[in-house]
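Here is what each chain is made of, one letter per residue.
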Amino acid sequence: MTKPAPLIPAEEFARLAREIVATSSGHEAHRALDILTNDVLRGLGYGEGIDIFEAAVSHWHEAAHPYPHIGPCPDCEREAESRAAA
């Protein structure tokens, strides 16, 4: 299990989220936001669950790929196909 990260104030969390959205997009932003929220959850003691989550979704967070992910994620593929058909 990972060690809890120090908690950050809500205002700092919002500032960091805004910065990520302003400077990144697609999977790069998604991954950065996941890391940010995972760190907060670790600080609350949910590290073991976050480790499980990260191991399960790591292949969905390839920053070089455009968003939405077209690959092994069936949900993402269905959504992309629906958008392409529209």
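Quick caveat: nothing in here was measured; it's all calculated off a predicted structure. (Residues numbered from 1 in each chain as written. Predicted model: local features only at pLDDT ≥ 70, side-chain atom pairs only at ≥ 80, totals over all residues. Heavy atoms only, no water.)

Participant: Requested: an account of the pattern of salt bridges, with residues and values cited.
Facilitator: Under the counting rule described, the total for this entry stands at 5 salt bridges. Here Glu 12 ties to Arg 15 by a salt bridge, and the two come within 2.8 Å at their closest N and O atoms. Remark: Arg 15 and Glu 12 occur in helix H1 (residues 10–23); sequence separation between them is 3 residues, near one turn of the helix. Taking the shortest distance from any N to any O, the salt bridge between Glu 54 and Arg 42 comes out at 2.9 Å. Residue Glu 54 is located in helix H3 (residues 47–57), and its partner Arg 42 is located in helix H2 (residues 26–43); the two are separated by 12 residues in the primary sequence. The class of Glu 54 is partly exposed, set by a relative accessible area of 28%. Sharing partners across several salt bridges, the network here consists of Asp 39, Arg 42, Asp 51 and Glu 54. (Salt bridge = Lys/Arg side-chain N within 4 Å of Asp/Glu carboxyl O. Helix = DSSP H or I, 4+ residues; strand = E, 2+ residues; numbered from the N terminus. Buried < 20%, exposed > 50% of the residue type's maximum accessible area, 1.4 Å probe, protein only.)

Participant: Any details on H2? Residues and values, ideally.
Facilitator: Between its terminal C-alpha atoms H2 stretches 26 Å, which fits the 26 Å expected from 18 residues at 1.5 Å a residue. Every buried residue of H2 is accounted for by His 27, Ala 29, Asp 34, Leu 36, Asn 38 and Arg 42. Tucked inside the fold, the buried residues of H2 contact H1 and H3. (Expected span 1.5 Å × (residues − 1). Contact = heavy atoms within 4.5 Å.)

Participant: Talk me through the confidence of the model for the protein chain; I want residue IDs and the actual numbers.
Facilitator: Residues at a pLDDT of 70 or more form 65% of the protein chain, whose mean pLDDT is 78. H1 holds the highest mean pLDDT among the elements of the protein chain, 95, whereas helix H4 (residues 74–85) holds the lowest, 65. (pLDDT = per-residue confidence, 0-100.)

Participant: Please provide a residue-by-residue account of a nonpolar patch on the surface, values included.
Facilitator: A cluster of nonpolar side chains, contributed by Leu 7, Leu 41, Leu 44 and Tyr 46, occupies part of the molecular surface with about 400 Å² of accessible area. Inspection of the secondary structure puts Tyr 46 in the loop between H2 and H3. By relative accessible area, which is 51% here, Tyr 46 ends up exposed. (Patch = residues over 30% accessible without salt bridge, like charges linked within 9 Å, V, L, I, M, F, W, Y side chains within 5 Å. Areas by Shrake-Rupley, 256 points an atom, 1.4 Å probe, with all protein chains shown as cover.)

Participant: Let's hear about the packing of H1 against H2: which residues, and what values?
Facilitator: The contact between H1 and H2 brings their axes to 9 Å, and the two run at 165 degrees. Taken as axis vectors, H1 and H2 run roughly antiparallel relative to one another. Crossing hand, H1 versus H2: right-handed. Taking contact as the criterion, the partners of Phe 13, Leu 16, Ala 17, Ile 20 and Val 21 in H1 are, on H2, Ala 29, Ala 32, Leu 33, Leu 36, Thr 37 and Val 40. (Axes fitted to C-alpha atoms, helices over the stretch in contact; angles between N-to-C directions. Parallel < 35°, antiparallel > 145°, perpendicular 65-115°, else oblique. Left-handed = near helix turned anticlockwise from the far one by under 90°.)

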